[in-house]
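Chain residues, written in single-letter form:
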Amino acid sequence: MKLKGSLCVITILSILFCFSLAEARYNMVADKRIYRYSGYRAKHHFPYTLRITIVRDNRPRWERGYISGAQVYTYDRLWSQPVCAMMERILVREFKTSGMFTDVARWRKDTTLILKIKLNSFYGRVTIKKRWLREFPFNYIYGRTKLEATLVSRKGNKTYLKKNYKGVTSRKVAFLRNQYGHATAAAGRSFEKVVWALLRDVEASLAKGR
């Protein structure tokens, strides 16, 4: 009886451990399967320092929380770090390696410029569809990022850039083993598109406003 009881406890703990691994295992900052750094190299170097901060998370509640149903969505507990923190870290690394600025940081308050982000949407989704009764069902993978970016001087007396960005990815796959893994990758790919456009626009706006 004691052996059976011990086995039951071990089984329950194993199930709970596996369930915990299903959440908080995806890291967009360090996992190139989710986010691939652009390798962007700026044509201009500006003698400025830059602070990057997400000032507002405007995502609707359903994008942050778990949704049960026929479609698989990303949700915050899938990520190993807060979504906004991951995005800030990625943006800091992208702008640092671009060579555009003297220094780039998240927390410095004495920088020349501030890049303020308002995050309006960020998710990945997997949907199973078939158009005809005899057609084999396919997985449709979709990712979306929407944000507003504003680049201002530290004192706020000059605005170099204010623009809305939208990145969308979609593809069709016949078979998936890990739907959440593909959903997080789709979200990351959509953010890649936004970051590339943002890097290009920040450089262009500063070169123009010199």
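To be clear, the structure that these remarks concern was listed above.
Residues numbered from 1 in each chain as written. Predicted model: local features only at pLDDT ≥ 70, side-chain atom pairs only at ≥ 80, totals over all residues. Heavy atoms only, no water.

Asks: Tell me about the nonpolar core, and name the residues and values.
Replies: Core analysis: the largest hydrophobic core is formed by 45 residues, its most contacted members being Met28, Phe95, Phe101, Phe191 and Leu198. Put simply, the parts of the chain that give this core at least two residues each are β1 (49-57), α3 (83-98), β4 (113-129), β5 (138-153), β6 (159-173) and α4 (179-208). If one sorts the elements of this core by residue count, α4 sits on top with 9 residues. In this view, Phe191 contacts Met28, Tyr35, Met87, Ile90, Leu91, Phe122, Thr145 and Leu147; residues no more than four positions away in its chain are not counted. One finds Val72, Val126, Ile141 and Ala186 within the second-largest nonpolar core, a separate group that totals 7 residues. (Core = buried A, V, L, I, M, F, W, Y, C linked by side-chain atoms within 4.5 Å. Buried < 20%, exposed > 50% of the residue type's maximum accessible area, 1.4 Å probe, protein only. Helix = DSSP H or I, 4+ residues; strand = E, 2+ residues; numbered from the N terminus. Contact = heavy atoms within 4.5 Å.)

Asks: Break down the side chain of Ser190 for me, citing the residues and quoting the values.
Replies: In this structure, Ser190 sits in helix α4. A residue is classified by how much of its surface remains accessible, and Ser190, at 0% relative accessible area, is buried. The contact partners of Ser190, leaving out residues within four places of it in the chain, are Gly143, Arg144, Thr145, Gly167, Val168 and Thr169.

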